[in-house]
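# Descriptive structure summary
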Amino acid sequence: MTETHPAFFNRRRMLCALAALPTLALARPALAGDTLGFGELYKKFGVLGLEFSDKVKRLAGQDVTVKGFMAPPLKAEADFFVLTEIPMSLCPFCSSDADWPDNILVVYLARKQTFVQFNAPIEAQGVLEYGSWIDPETGFVSQLRLREAAFNTA
């Protein structure tokens, strides 16, 4: 019987482990990027309105995760919803960006998902956008949005 050299065995083990890494990476869910809390959305509130925080400006265009609650959707087949800091039983959309509450953001889903109860905590993940924008389909105004988003119950 031939004796195997310990260095050969360790090298073989290392090569096998490296070969398995791509498979393990595919099996693991993708990281959602940075987290953003409702208290981190705005820098200040003044007579000119809300000023976005430096963190929001830095994370714009990147994947972020925000924890909150789903406001009741306007219709059952919507591909978007409002994420709120606290449970709300009514949809908090406003008529203008001047009235925009500081503790909500709009989540535009990458694909339709089944909505959850308004008092169930969720985590929404998507690409962060900021600045006043009017949805051409609904006419709703938003200041903060997640695009290409998905959500999970927390």
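Notes on the structure in this doc start here.

The rules behind each value
- Residues numbered from 1 in each chain as written.
- Predicted model: local features only at pLDDT ≥ 70, side-chain atom pairs only at ≥ 80, totals over all residues.
- Heavy atoms only, no water.
- Helix = DSSP H or I, 4+ residues; strand = E, 2+ residues; numbered from the N terminus.
- Buried < 20%, exposed > 50% of the residue type's maximum accessible area, 1.4 Å probe, protein only.
- Contact = heavy atoms within 4.5 Å.
- Polar contact = N/O pair within 3.5 Å; in protein donor to acceptor, adjacent residues only side chain to side chain.
- Salt bridge = Lys/Arg side-chain N within 4 Å of Asp/Glu carboxyl O.

So, on to the overall build of the protein. When its secondary structure is counted, the protein shows 2 helices and 8 strands. Beginning at the N terminus, the succession of helices and strands in the protein can be written as α-β-β-β-α-β-β-β-β-β. When each of the 154 residues of the protein is scored for burial, the buried share is 32%. Long-range pairs, those at least 24 residues apart, make up 63% of the contacts in the protein between residues at least 6 apart in sequence.

Moving on, we come to the side chain of Arg 145. Mapping Arg 145 onto the fold places it in strand β8 (residues 141-153). At 2.9 Å, the side chain of Arg 145 and the side chain of Ser 142 are in polar contact.

For the rest of this paragraph, the subject is the pattern of salt bridges. Summed over the entire model, instances satisfying the criterion amount to 6 salt bridges. Measuring nitrogen to oxygen at the nearest pair gives 3.0 Å for the salt bridge that ties Glu 40 to Lys 55. Remark: Lys 55 occurs in helix α2 (residues 54-59) and Glu 40 occurs in the loop between β1 (34-35) and β2 (42-46); sequence separation between them is 15 residues. A residue is classified by how much of its surface remains accessible, and Glu 40, at 32% relative accessible area, is partly exposed. For Glu 129, the salt bridge is made with Arg 147, and the minimal N-O distance between the two is 3.1 Å.

Turning our attention to the environment of Val 116. Along the chain, Val 116 falls in the loop between β6 (104-109) and β7 (121-134). Expressed as a C-alpha distance, the spacing of Val 116 and Met 70, which sit 46 residues apart in the sequence, is 7.0 Å. Dropping the residues within four chain positions of it, Val 116 is found in contact with Met 70, Ile 122, Phe 151 and Thr 153.

The quantities given are spatial measurements derived from coordinates; they are silent on function.
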